[in-house]
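Structural overview
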Number of protein chains: 2
Amino acid sequence: MAAENNNAAATIDSPLKRQREEDEQPTNGVSQTLSKDPLQPIHGLSSVIPGWFSEISPMWPGEAHSLKVEKILFQGKSDYQDVMVFQSSTYGKVLILDGVIQLTERDECAYQEMITHLPLCSIPNPKKVLVIGGGDGGVLREVSRHSSVEKIDICEIDKMVVDVSKQFFPDIAVGFEDPRVSLHIGDGVAFLKAATEGTYDAVIVDSSDPIGPAQELFEKPFFASVARALRPGGVVCTQAESIWLHMHIIEDIVANCRQIFKGSVNYAWTTVPTYPSGMIGFMLCSTEGPSVDFKHPVNPIDENDGQQATRPLKFYNSELHSAAFCLPSFAKRAIASKAN
Amino acid sequence: MAAENNNAAATIDSPLKRQREEDEQPTNGVSQTLSKDPLQPIHGLSSVIPGWFSEISPMWPGEAHSLKVEKILFQGKSDYQDVMVFQSSTYGKVLILDGVIQLTERDECAYQEMITHLPLCSIPNPKKVLVIGGGDGGVLREVSRHSSVEKIDICEIDKMVVDVSKQFFPDIAVGFEDPRVSLHIGDGVAFLKAATEGTYDAVIVDSSDPIGPAQELFEKPFFASVARALRPGGVVCTQAESIWLHMHIIEDIVANCRQIFKGSVNYAWTTVPTYPSGMIGFMLCSTEGPSVDFKHPVNPIDENDGQQATRPLKFYNSELHSAAFCLPSFAKRAIASKAN
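About the criteria used
Residues numbered from 1 in each chain as written. Chains lettered and ligands numbered in written order. Predicted model: local features only at pLDDT ≥ 70, side-chain atom pairs only at ≥ 80, totals over all residues. Heavy atoms only, no water. UniProt positions renumbered as here; feature names shortened; annotations may be inferred. Helix = DSSP H or I, 4+ residues; strand = E, 2+ residues; numbered from the N terminus. Buried < 20%, exposed > 50% of the residue type's maximum accessible area, 1.4 Å probe, protein only. Least-squares fit on C-alpha atoms with pLDDT ≥ 70 in both. Pairing = 2+ DSSP bridges. Axes fitted to C-alpha atoms, helices over the stretch in contact; angles between N-to-C directions. Phe/Tyr/Trp six-rings, centres within 6.5 Å; stacked < 30°, edge-to-face > 60°. Lys NZ or Arg CZ within 6 Å of the ring centre and 35° of its normal. Contact = heavy atoms within 4.5 Å. Buried area = accessible area lost by both parts, 1.4 Å probe. Salt bridge = Lys/Arg side-chain N within 4 Å of Asp/Glu carboxyl O. Polar contact = N/O pair within 3.5 Å; in protein donor to acceptor, adjacent residues only side chain to side chain. Nonpolar A, V, L, I, M, F, W, Y, C, P; charged D, E, K, R; others polar. Parallel < 35°, antiparallel > 145°, perpendicular 65-115°, else oblique. Left-handed = near helix turned anticlockwise from the far one by under 90°.

Residues and elements named next belong to chain A. Under the UniProt annotation, the feature "active site" (unreviewed entry) is placed at D206. For D206, the position within the fold is in strand β9 (residues 200-206). For D206, a relative accessible area of 0% gives the class buried.

This brings us to the relation of the copies chain A and chain B. Between the two copies, chain A and chain B, the superposition gives an RMSD of 0.0 Å; the rotation angle is 180° and the shift along the axis is 0.0 Å. Here the symmetry operator amounts to a two-fold rotation axis.

Bringing the sheet that holds strand β7 (residues 151-156) of chain B into the picture now. All names here are of chain B. Here seven strands make up an open sheet; going across it, the order is β8-β7-β6-β9-β10-β12-β11 and the pairing mixed. Taken across any chain shown, the strands that pair with only one partner, and hence form the sheet edges, are β8 (181-185) and β11 (265-271). Averaged over all neighbouring strand pairs, the angle between strand axes comes to 15°, with direction disregarded. Note that strand β10 (residues 230-239) and strand β12 (residues 279-286) share five bridges and pair antiparallel. Looking across to β12, one finds that Q239 is bridged to F282.

In this structure the tally under the stated criterion is 19 aromatic pairs over all chains. Centroid distance F315 of chain A to W244 of chain B: 5.9 Å. Interplanar angle 15°. Geometry classified as stacked. Taken as a pair, F315 of chain A in the loop between β12 (279-286) and α9 (318-323) and W244 of chain B in the loop between β10 and α8 (247-260) lie in two separate chains rather than in one. Judged on exposure class, the residue F315 of chain A and its partner W244 of chain B are both buried. Members of the aromatic cluster, each reached through a chain of ring pairs, are Y111, Y275 and F282 of chain A. Its end group placed over the ring of Y91 of chain B, R106 of chain B keeps NZ or CZ at 4.1 Å from the ring centre.

Counting from both sides, the interface comprises 42 residues of chain A and, opposite them, 42 residues of chain B. Considering only the side of chain A, the residues that lose the most area to chain B are G62, E63 and W244 of chain A, jointly responsible for 16% of the buried surface there. Across the pair E319 of chain B and K332 of chain A runs a salt bridge, and its minimum N-O distance is 3.9 Å. At the boundary of chain A and chain B, one finds 26 residue pairs in polar contact (both at pLDDT 80 or more). When residues of the side of chain A that touches chain B are traced back to their parent elements, those giving at least two are β2 (63-77), α2 (108-120), β11 (265-271), α9 and α10 (329-336) of chain A. In terms of residue count, β2 of chain A provides more of the side of chain A that touches chain B than any other element does, six residues in total. Here the residues of the side of chain A that touches chain B are counted per class, giving 23 nonpolar, ten polar and nine charged. Here β2 of chain A runs beside strand β2 (residues 63-77) of chain B; their pairing, made up of five bridges, is antiparallel. When the bridges of β2 of chain B are listed, H65 of chain A appears paired with H65 of chain B.

Residues and elements named next belong to chain B. The geometry of helix α7 (residues 220-229) relative to α8 is characterised by a closest axis approach of 9 Å and an angle of 40° between their N-to-C directions. On the basis of their axis angle, the class for α7 and α8 is oblique. Every pair of crossing elements has a handedness; the one defined by α7 and α8 is right-handed. Packed against α7, whose contacting residues are K220, F223, A224 and A227, the element α8 presents I253, N256, C257, Q259 and I260 at the interface. A per-class count over the contact of α7 with α8 returns six nonpolar, two polar and one charged.

Moving on: the side chain of S57 of chain A. Within the fold, S57 of chain A resides in the loop between β1 (52-55) and β2. Here M59 of chain A takes part through its backbone nitrogen, which lies 2.9 Å from a polar atom of the side chain of S57 of chain A.

Next comes the structure, spelled out in structure tokens:
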């Protein structure tokens, strides 16, 4: 879940303290701001457990996941959000945007591999792929495993996320090095509106939560833009929250998607320990045209194929692909109730 | 994960404070001990976020999940462990043993339904079932949905867990009301050793973590006792930790089980938001005899069957049953490496 107008997170810092920190910090660029004392409470770093980062947000009231901080590596404020990187004691390096965990080195494989290969393994020979958000480069890294792909556009709103990822997460930002990638810094909604109709085989929306500016990315006009930019029988995969926390949001997304996407509309999920409730879901839809059966991948990517030799898939496999569409009964019933 | 010699949890309270609380508390029975000030740090209640409970343990170093506490409903100390019940702000009532979350009203369905129906739906007409641990009654509630079952033995070591559950979690402890249930308060290891050979169709081990006294429940002699108590082609399902946190423990369990269970040996998992890493796994094994294919349930329990009319299944269904055996590649490889 990298940057796309992320502002969902609340923090528990006082406005006064926050102002002080803003005064001390650069407003753009990747100038590194290190805390003199990593245990000192600062914006983004929790004041609730000294030396720990706690993720507290109105999106998941009454609960918080905390990670122990070894060292703060970067703190900055872009035009869109607060950006922080820290070395955790047991989850590797961690990227935080506006107080919300975007990725940890330990479990990022689950999100990046699933949001990418669920759509790309569901269609034969994907050639043109668009990524909205995804500024850390992880989705690009996964797309680049597919040898059929000829062109990868990415539209990320926040350049600081890209720069910080290249500096601190080289194994993730490696995705930017693929010569098929064109990076566009800008608004994903505008980029899609300007795209030529029927351009893409697949669109992957690696967005933040649907409260605040990113709300657009969960609404009908945005889905209509995505559908327009896709070829007939093209596919989209969007980050779509957790069935444990946001069933009502998911029901709305499903209802919207059923009106826009005349091919198929499906919900899948994966485990990600450092995301709220320990899981995250995806909406997978296709446009009218050649039919797409998301539950049965037609374009398998096996462990020895398209791996660029150095980095085997850690998480995704074809069995898990099909399993990801099997939902607990409470979620299955809620989603079925939106089946027009 | 109810009581079976649970002592895995570390707390961050000082020994001095803990001693003071022990002095104030009853050592058995369900005498209710309410804190005068729910925000006051007390054993079991975190002192790290005032008014929140934080789960910190050497079993999952460097991370902690926290729930906001509305009211502490019970605190006691049994002969085996500290027992606490609180009303959380967003997860309903919560049962804590030795500082570790055992269940919340909001997500207990996932664990109880999966640990029960994964084994019972994998064999035709289960008649005799043994539950080790499970003192909250949730597994019993699920076993009782199966109309073929004639006898349900449960052996729970800690009577306080049973009593507290009956008092504070009536929708879970309802399982004890089934006339087929016989409750035995005692040590599960001894109970199994004394059981007549070949008695049970299924054994469900609803245990705590394998550090401290419960360690026995993850070792070869215990599995051998289970195998002995099962009929040929009988099945066992044991709580088996998280692939994100305890892959090395799981590999050991798999290796042990492959030596003991000559039918099949499988690993499955489910999402449970309030368990560490947001998931929990199960070992499912069968003894030599009629073959058991756990991945394809032969004894489906559908939404209208054996539901005692009032409480439909919230989580389990046949699709999810099969999907639970599909593992991320890193776990699949590690487990396959133990395939003798």
